[in-house]
Amino acid sequence: MNQNRSSHKLAAILEKADREEILNREEISFLLRLKPARQTNAIFQTARNLRHRHFGDKVFFYGFIYISTFCRNNCNFCYYRSANTHPLRYRQEVSEIVEAARRLADSGVHLIDLTLGEDPEYFLDNRQGFDKLIQLVKAVREATKLPIMVSPGVVPDDVLSRLAAAGASWYACYQETHNPDLFTKLRPGQSYAARLAKKHLARQLGLLTEEGMLCGVGEDVEDIADSIEAMRCLEASQMRAMSFVPQQGTPMQNLKTPDFLREILTIAILRLVFPDRLMPATLDVAGLAGLQSRLAAGANVVTSLVPPGFGLAGVAQSSLDIAAARRTTGSILSELEKLGLRAASAEDYLNWVENRRKKILGDPAKEKIPC
Ligand code: SF4
């Protein structure tokens, strides 16, 4: 397509997005293929406008606590895969987790994200292993009064119900790709269908869901478009796109670090397609240094804030910026100011969660597009 036609087509798609009409598959693929800065900047600008329409200048903060770094799985991209001998493995004590959550709440985060690998201790104990996790959700909720996101992997159905009953608001479980063949390469021995079904169940149970895709793991533009479609079918409330970071000791350790533009562009396109949802700007890939570009692409949640001094790890970057206390609310407020953004209040976040839950449960047919 020549430059003129491409520019006209881009302008028409951005006007459509600005009217909040649903972009079709071909339009999403077209946007994902754009490279010239003049064109991608126009996408970022529209994404920021849409974010401003729905969220003003307010940004949410998520505190992150990696409660167990043990995992029974062997995902080829993951530092914490069971076969990797490099990571420091720990299971944090309940009292320490509650204390870390309190510290995060005092610092002004809007949500506590409790993440763990598929820890065999939880999965092998006739399901009673999950009692500790249920108690933990209750204790953190009680101590902080904040909404809680749980990221425990593919847990049994009844455990998901119990997590919802214990007070969890969110279930995060990333497919990472919606190409089943690529999924099998990334997550050997795991079921694509079972992982996806767990998110549909979570939604039926009244949990908000977060879906995620990894950028730079062998996917093509059509795979990313598939992920966006899958997120729409799932009615995910938060969508994350994150660049792959090669991890020492894994089969993918020698893969090239992907072009950062793919993640940034994907975040912006997610905003065009889902203007009223939450999109994370993670500190887990490039730390504080990578925050601005993600927010400038339309993200509105700063994730992976980790309290220093508790010996806690990150996921993609197991230690980046943590000990230096650069993954704290104090460090990011000045970065927000530079972009004309500010921290939302706790009430803003609670209202958003409550309204979203009503929307999902109240009239599921209303926003449902045939999948
Ligand atoms: S991505 Fe999750 S399930 Fe896979 S190895 Fe890592 S911690 Fe385990």
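The paragraphs below set out a description of the structure included in this document. Because the structure is predicted, anything quoted here is derived from the model rather than measured.

Conventions we followed
Residues numbered from 1 in each chain as written. Predicted model: local features only at pLDDT ≥ 70, side-chain atom pairs only at ≥ 80, totals over all residues. Heavy atoms only, no water. Helix = DSSP H or I, 4+ residues; strand = E, 2+ residues; numbered from the N terminus. Rg over C-alpha atoms; globule rule 2.2 N^0.38 Å. Contact = heavy atoms within 4.5 Å. Areas by Shrake-Rupley, 256 points an atom, 1.4 Å probe, with all protein chains shown as cover. Lys, Arg positive; Asp, Glu negative; His and termini not counted. Charge placed at Lys NZ, Arg CZ, Asp CG, Glu CD. Core = buried A, V, L, I, M, F, W, Y, C linked by side-chain atoms within 4.5 Å. Buried < 20%, exposed > 50% of the residue type's maximum accessible area, 1.4 Å probe, protein only. Pairing = 2+ DSSP bridges. Right-handed = clockwise from strand over helix to strand, strands pointing away. Salt bridge = Lys/Arg side-chain N within 4 Å of Asp/Glu carboxyl O. Polar contact = N/O pair within 3.5 Å; in protein donor to acceptor, adjacent residues only side chain to side chain. Near = heavy atom within 4 Å. Nonpolar A, V, L, I, M, F, W, Y, C, P; charged D, E, K, R; others polar.

1. Thoughts on the overall build of the chain
Argument step 1. Looking only at helices and strands, one finds 14 helices and nine strands in the chain.
Argument step 2. Taken over C-alpha atoms, the radius of gyration comes to 20 Å for the chain, in line with the 21 Å a tight globule of 371 residues would show.
Argument step 3. Principal-axis analysis of the C-alpha atoms places the extent of the chain at approximately 60 × 45 × 40 Å.
Argument step 4. Considering only contacts within the chain whose residues lie at least 6 apart along the sequence, 74% involve residues at least 24 apart.
Argument step 5. For the chain, the accessible area works out to roughly 15000 Å², and carbon and sulfur atoms hold 51% of it.
Argument step 6. Counting 47 positive and 43 negative side-chain charges, the chain places the averaged centre of each group 2 Å from the other.

2. A closer look at the nonpolar core
Argument step 1. Counting 80 residues, the largest nonpolar core has Leu31, Ile43 and Leu114 as its most contacted members.
Argument step 2. When residues of this core are assigned to their parent elements, the largest contribution, eight residues, is made by helix α11 (residues 260–273).
Argument step 3. Excluding its chain neighbours within four sequence positions, the residues that come into contact with isoleucine 43 are Leu10, Leu14, Leu31, Leu34, Leu265, Ala268, Ile269 and Leu272.

3. Observations regarding the pairing of strand β5 (residues 208–215)
Argument step 1. The buried fraction of β5 amounts to eight of the eight residues, a majority that puts the element mostly inside the structure.
Argument step 2. Burial along β5 is two-sided: the residues Leu208, Glu210, Gly212 and Leu214 and Thr209, Glu211, Met213 and Cys215 are all buried.
Argument step 3. Where strand β4 (residues 170–172) meets β5, three bridges bridge the pair, whose relative direction is parallel. Bridge pairing links alanine 172 to glutamate 210 in β5.
Argument step 4. When β5 meets strand β6 (residues 238–243), the two strands line up parallel, connected through six bridges. Bridge assignment links glycine 212 to a residue of β6, and that residue is arginine 240.
Argument step 5. One crossover worth recording links β5 to the parallel β6 by way of helix α10 (residues 221–234), and it is right-handed.

4. Overview of the pattern of salt bridges
Argument step 1. The final tally for this structure, using the stated rule, is 28 salt bridges.
Argument step 2. Glutamate 176 is the salt-bridge partner of arginine 187, the closest N and O atoms lying 3.9 Å from each other. Of this pair, arginine 187 sits in the loop between α8 (180–186) and α9 (192–204) while glutamate 176 sits in the loop between β4 and α8, placing them eleven residues apart in sequence.
Argument step 3. One salt-bridge network, held together by shared partners, links Arg25, Arg33, Glu222 and Asp226.

5. Some details on the side chain of glutamate 211
Argument step 1. Looking at where glutamate 211 falls in the secondary structure, it is placed in strand β5.
Argument step 2. A polar contact is formed between the side chain of glutamate 211 and the side chain of lysine 199, at a distance of 2.9 Å.
Argument step 3. Setting aside residues up to four positions removed in sequence, glutamate 211 forms contacts with Cys173, Tyr174, Gln175, His178, Leu196, Lys199, Met231, Leu234, Ala236, Gln238, Met239 and Arg240.

6. Remarks on the site of the ligand
Argument step 1. The immediate surroundings of the ligand are formed by Cys71, Asn73, Cys75, Phe77, Cys78, Arg81, Gly117 and Arg187.
Argument step 2. Taken together, the residues of the shell around the ligand break down into four nonpolar, two polar and two charged.

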